[in-house]
Amino acid sequence: MQELTSPTESIKLEIRDEILLIAINRPQKRNAFNDDLVLGIEKVFENIPSNIRCAIIYGLGQHFSSGLDLSELRERDAVQGLYHSRMWHRALDKVQFGPVPVVAVLHGAVVGGGLELASACHIRVSESSTFYALPEGQRGIFVGGGASVRVPKLIGMARMMDMMFTGRVYKAEEGERIGLAQYLVEEGQGLEKGIELAKKISGNAGMTNYALMHVLPKIVDSGQSEGLMMESLIAAISADAPEAKKRLTDFLEGRAKKVGE
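Predicted model, so just to flag it, every value in this text is computed and none were measured.

A.B. asks: If you had to explain the overall build of the protein to someone new, which residues and values would you point to?
C.D. replies: When you go through the protein residue by residue, the secondary structure sums to ten helices and ten strands. The C-alpha atoms of the protein give 19 Å as radius of gyration, which agrees with the globular expectation for 261 residues (18 Å, within 12%). For the protein, the C-alpha atoms occupy an extent of roughly 65 × 45 × 35 Å along the three principal directions. The buried share of the protein, reckoned over its 261 residues, is 44%. Partitioning the intrachain contacts of the protein with sequence separation of at least 6 by distance along the chain shows that 68% fall at a separation of at least 24. Summed over all atoms, the accessible surface of the protein reaches about 13,900 Å², with 55% contributed by carbon and sulfur.

A.B. asks: Give a description of unusual backbone geometry that names residues and reports values.
C.D. replies: Of note in this structure, Arg-30 is not a glycine but carries a positive phi near 55°. Summarising the element assignment, Arg-30 is placed in the loop between β3 (19-24) and α1 (35-46).

A.B. asks: Requested: an account of the packing of helix α2 (residues 78-96) against helix α3 (residues 113-120), with residues and values cited.
C.D. replies: Where α2 meets α3, the closest approach of the two axes is 8 Å, and the angle between their N-to-C directions is 35°. Facing α2, whose interface residues are Trp-88, Leu-92, Val-95 and Gln-96, α3 presents Gly-113, Glu-116, Leu-117 and Ala-120. Residues that form the contact of α2 with α3 fall into these classes: five nonpolar, two polar and one charged.

A.B. asks: Requested: an account of the pairing of strand β2 (residues 11-16), with residues and values cited.
C.D. replies: Judged from the six bridges that link them, β2 and β3 form a sheet pairing that is antiparallel. In the sheet register, Arg-16 faces β3, and the bridge partner there is Ile-19. Here β2 folds back onto β3 in antiparallel fashion, the turn holding two residues, of which Asp-17 has a positive phi close to 55°.

A.B. asks: Kindly report on the pairing of strand β5 (residues 102-106), identifying the contributing residues and their values.
C.D. replies: For β5, the buried fraction is high: five of the five residues fall into the buried class. In β5, alternate side chains face the same way, and those of Val-102, Ala-104 and Leu-106 on one face and Val-103 and Val-105 on the other are all buried. One ladder, built from four bridges, connects strand β4 (residues 54-59) with β5; its direction is parallel. Looking at the pairing, Tyr-58 lines up with Val-105 of β5. You can see the chain leave β4, run along α2 and come back into β5, and the turn it takes is right-handed. Taken together, the four bridges between β5 and strand β7 (residues 123-127) define a ladder with parallel strand orientation. Bridging from a neighbouring strand, Leu-106 pairs with Ser-126 of β7.

A.B. asks: Could you give an account of the sheet that holds strand β8 (residues 131-133), with specific residues and numbers?
C.D. replies: Pairing in this open sheet of three strands is mixed, and the strands run β6-β8-β9 from one edge to the other. Each end of this open sheet is capped by a strand with a single partner; those strands are β6 (109-111) and β9 (170-171). By the bridge criterion, two bridges tie β8 to β9 in an arrangement that is antiparallel. Its bridge partner lying in β9, Tyr-132 is registered against Tyr-170.

A.B. asks: Tell me what's going on with the pattern of salt bridges, and back it up with residues and numbers.
C.D. replies: By the definition in use, this model includes twelve salt bridges. For the salt bridge of Arg-90 with Glu-42, the shortest nitrogen-to-oxygen distance reads 2.6 Å. Of the two residues, Arg-90 sits in helix α2 while Glu-42 sits in helix α1, which places them 48 residues apart along the sequence. Residues Glu-174 and Arg-168 are paired through a salt bridge, measuring 4.0 Å at the closest nitrogen-oxygen approach. For Arg-168, a relative accessible area of 34% translates into the label partly exposed. Each of Glu-42, Glu-46, Arg-90 and Lys-94 takes part in a single network of salt bridges with overlapping partners.

A.B. asks: So, the packing of aromatic side chains: which residues are in play, and what are the values?
C.D. replies: Under the criterion given, the structure shown has one aromatic pair. With centroids separated by 5.0 Å and ring planes inclined at 55°, the aromatic side chains of Phe-33 and Trp-88 adopt a geometry described as tilted. Residue Phe-33 is located in the loop between β3 and α1, and its partner Trp-88 is located in helix α2; the two are separated by 55 residues in the primary sequence. The exposure class assigned to Phe-33 is buried, which follows from its relative accessible area of 2%.

Conventions adopted
Residues numbered from 1 in each chain as written. Predicted model: local features only at pLDDT ≥ 70, side-chain atom pairs only at ≥ 80, totals over all residues. Heavy atoms only, no water. Helix = DSSP H or I, 4+ residues; strand = E, 2+ residues; numbered from the N terminus. Rg over C-alpha atoms; globule rule 2.2 N^0.38 Å. Buried < 20%, exposed > 50% of the residue type's maximum accessible area, 1.4 Å probe, protein only. Contact = heavy atoms within 4.5 Å. Areas by Shrake-Rupley, 256 points an atom, 1.4 Å probe, with all protein chains shown as cover. Axes fitted to C-alpha atoms, helices over the stretch in contact; angles between N-to-C directions. Nonpolar A, V, L, I, M, F, W, Y, C, P; charged D, E, K, R; others polar. Pairing = 2+ DSSP bridges. Right-handed = clockwise from strand over helix to strand, strands pointing away. Salt bridge = Lys/Arg side-chain N within 4 Å of Asp/Glu carboxyl O. Phe/Tyr/Trp six-rings, centres within 6.5 Å; stacked < 30°, edge-to-face > 60°.

Below, the structure written as structure tokens:
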């Protein structure tokens, strides 16, 4: 295990093999977000060491994150509010479109900004204590950290509208069923599962992981003809990589596992 210097006390960093573990460290505040934490996440993803192949984000204490720290919320005019929202967008874009795939390990509250961070990650593992909510609608405000773009892509617009209109809370099993998480594990087993998945992801060809992080979202957002053209281009580029050719040769010559083994 190797520790890194964190840009803020709100985050703890650790390296295990080729995996960067990023712990949100505000347990006394239910890991609620203040500006220092948001900017700290941005700095972490701007400075991922070159040997890292995958990252894991999780929360210390009883919660992943309860959202915005309302005790530090100050009154902003419209322009200041716009800049604050765009700060969140910039930071979470660094997570979604950064140099490595990101696994979120969720437990307890995944609320408001916590769900916005989780939805910017590529894989989400939920422990049985997890619950999801977007309480902004009940507080007279609107989401500002990217939820309106990312969450509907996970669960559909109608379900997000329901969460904000009514304050609906999804528990862990429901959340996994509708797409808020891809994996559901027992309490206390999330980090172990996250590391297992991160090791599998780290073993992929670098071009494949890059395509999944940076190209697939653009294909999904594009029209059919443009999306199919991008697919053809990235398929040709990835297949031409020396690593891809070696992996295919290993498979054809019986040195690689078959699907299901």
